[in-house]
Amino acid sequence: MTTLTGHANAPRGIIPARPSIVQQMWNSRADYLYVLPAIVVMLIVIAYPIYYTIDLSFFKTPPGLQLRDKIFVGADNYTAILSSEVFWRVTLNTAIWTFASTLIAFVLGYGAALALHRDFAGRAVLRAILIIPWVISAVAASYIWKWMYHSDFGIIGQVLVQLGVTDRQPNFIDNVHTVLPSLIVVNIWREFPFAMIMIMAGLQTVPEQLLRAARVDGASAWQRFWHVTFPHLRSVSTVTILLLAVANFNSFIVPWITTGGGPSNASHIWITHIYELAFGRQRWGVAAAYSVLLFIILMVLGYFYVRALSGNESKEQGA
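As the structure is a prediction and not an experimental result, all values here were calculated from the model.

Caption draft 1: Local environment of the overall build of the protein. When helices and strands are counted, the protein shows 13 helices and two strands. Across the protein, contacts joining residues at least 24 apart in sequence account for 62% of those joining residues at least 6 apart. A total of about 19,700 Å² of accessible surface is found on the protein, and carbon and sulfur atoms cover 66% of it.

Put into structure tokens, the structure is as follows:
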């Protein structure tokens, strides 16, 4: 009888070296024939665009020049971006947008999930109402909020005037100081139902017997939440936050449709600024350099997301 399951030929007490990823791929080379068509499609629609964007980021593409006649400038596009005042302003906007939208949407979704986890009359109806912002079209929602924020006809301003909060219609999205917070409110309204659904799914995995045992031991509602519920939601919370962060970093529809990045770049975030550089000013090289930097950031977020998923799978296997 050997000490290691699955390694009958290994000497007792010696752990055989784990095959490298390359060796595992080579040993399973026949299996890859089944997924070869999918791999070819991925190379065409994912790998080649990534390569072309990286390559284009090293060229200058003036608006009056054909793209095939682009001029090689090395890393000048990256230097110009990092030394640009607009870049740092857009980066600050992106950081505020991503952090505030992710944090507040998660907290609201967390609270809504805990509230809806209890039994009360009308829970199903309230749950359906709260999911509406997430399932409604982002384009339609953006236009609706744009009119609600309108400085002359907006219903929000009218309500504030009627309540006596202000003596005239506020200028929400045409003011450089209020436009970004106003858009963050719209984004939070759209995204908190996603966090709510994720946390509600996580709440289904909390062992009921542990909650009953804690209740029998005299634990308060806060103690039951902090010592039983919260630890079981830690993994799903991490995944939810990362998914929200990636979605917010790539959020294009709400800021572009509502304000187009204005006024004075006050609501531009990276993805909208890239779109304007590429399709508005035809500065393809600079836009490609921006895209490469954005890709690197998203790859970092993706790495932590995969680690979070791997950690969840390890815990499940260990259990």
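Caption draft 2: Structural context of the packing of aromatic side chains. Following the criterion strictly, the structure yields 25 aromatic pairs and no others. Aromatic pair F87 and Y290: ring centres 5.7 Å apart, planes at 50°, arrangement tilted. You can see F87 sitting in helix α4 (residues 85-116) and its partner Y290 sitting in helix α13 (residues 284-318), a full 203 residues away along the chain. Note on accessibility: F87 and Y290 belong to one class, buried. Between Y149 and F172, the aromatic rings sit 5.0 Å apart at their centres with planes inclined by 40°, giving tilted as the arrangement. Of this pair, Y149 sits in the loop between α6 (138-148) and α7 (155-162) while F172 sits in the loop between α7 and α8 (179-203), placing them 23 residues apart in sequence. Assigned by exposure class, Y149 and F172 land together as buried. Grouped by ring-pair contacts, the aromatic residues F106, Y110, W222, F225, W226 and F230 constitute a single cluster. Note that K70 overlies the ring of F59, its terminal NZ or CZ placed 5.0 Å from the centroid.

Caption draft 3: Examining the packing of α8 against helix α10 (residues 221-249) more closely. Direction vectors running N to C along α8 and α10 enclose 150°, while the axes themselves pass 9 Å from each other. In this view, α8 runs roughly antiparallel relative to α10, as classed from their interaxial angle. Read as a crossing pair, α8 and α10 show a hand that is right-handed. Note on element contacts: α10 touches α8 through T229, L233, V236, S237, V239, T240, L243, L244, A247 and N248, opposite N187, E191, F194, A195, M198, I199, G202 and L203. For the contact of α8 with α10, the per-class residue count stands at eleven nonpolar, six polar and one charged.

Caption draft 4: Quick peek at α10. Over its 29 residues, α10 extends only 36 Å from the first C-alpha to the last, a length that falls short of the 42 Å expected when each residue adds 1.5 Å. Of all the bends in α10, the largest measures some 50° and sits at F230, one to four residues before the proline P231.

Rules used throughout
Residues numbered from 1 in each chain as written. Predicted model: local features only at pLDDT ≥ 70, side-chain atom pairs only at ≥ 80, totals over all residues. Heavy atoms only, no water. Helix = DSSP H or I, 4+ residues; strand = E, 2+ residues; numbered from the N terminus. Contact = heavy atoms within 4.5 Å. Areas by Shrake-Rupley, 256 points an atom, 1.4 Å probe, with all protein chains shown as cover. Phe/Tyr/Trp six-rings, centres within 6.5 Å; stacked < 30°, edge-to-face > 60°. Buried < 20%, exposed > 50% of the residue type's maximum accessible area, 1.4 Å probe, protein only. Lys NZ or Arg CZ within 6 Å of the ring centre and 35° of its normal. Axes fitted to C-alpha atoms, helices over the stretch in contact; angles between N-to-C directions. Parallel < 35°, antiparallel > 145°, perpendicular 65-115°, else oblique. Left-handed = near helix turned anticlockwise from the far one by under 90°. Nonpolar A, V, L, I, M, F, W, Y, C, P; charged D, E, K, R; others polar. Expected span 1.5 Å × (residues − 1). Bend = angle between axes of the 7 residues up to and from the residue.

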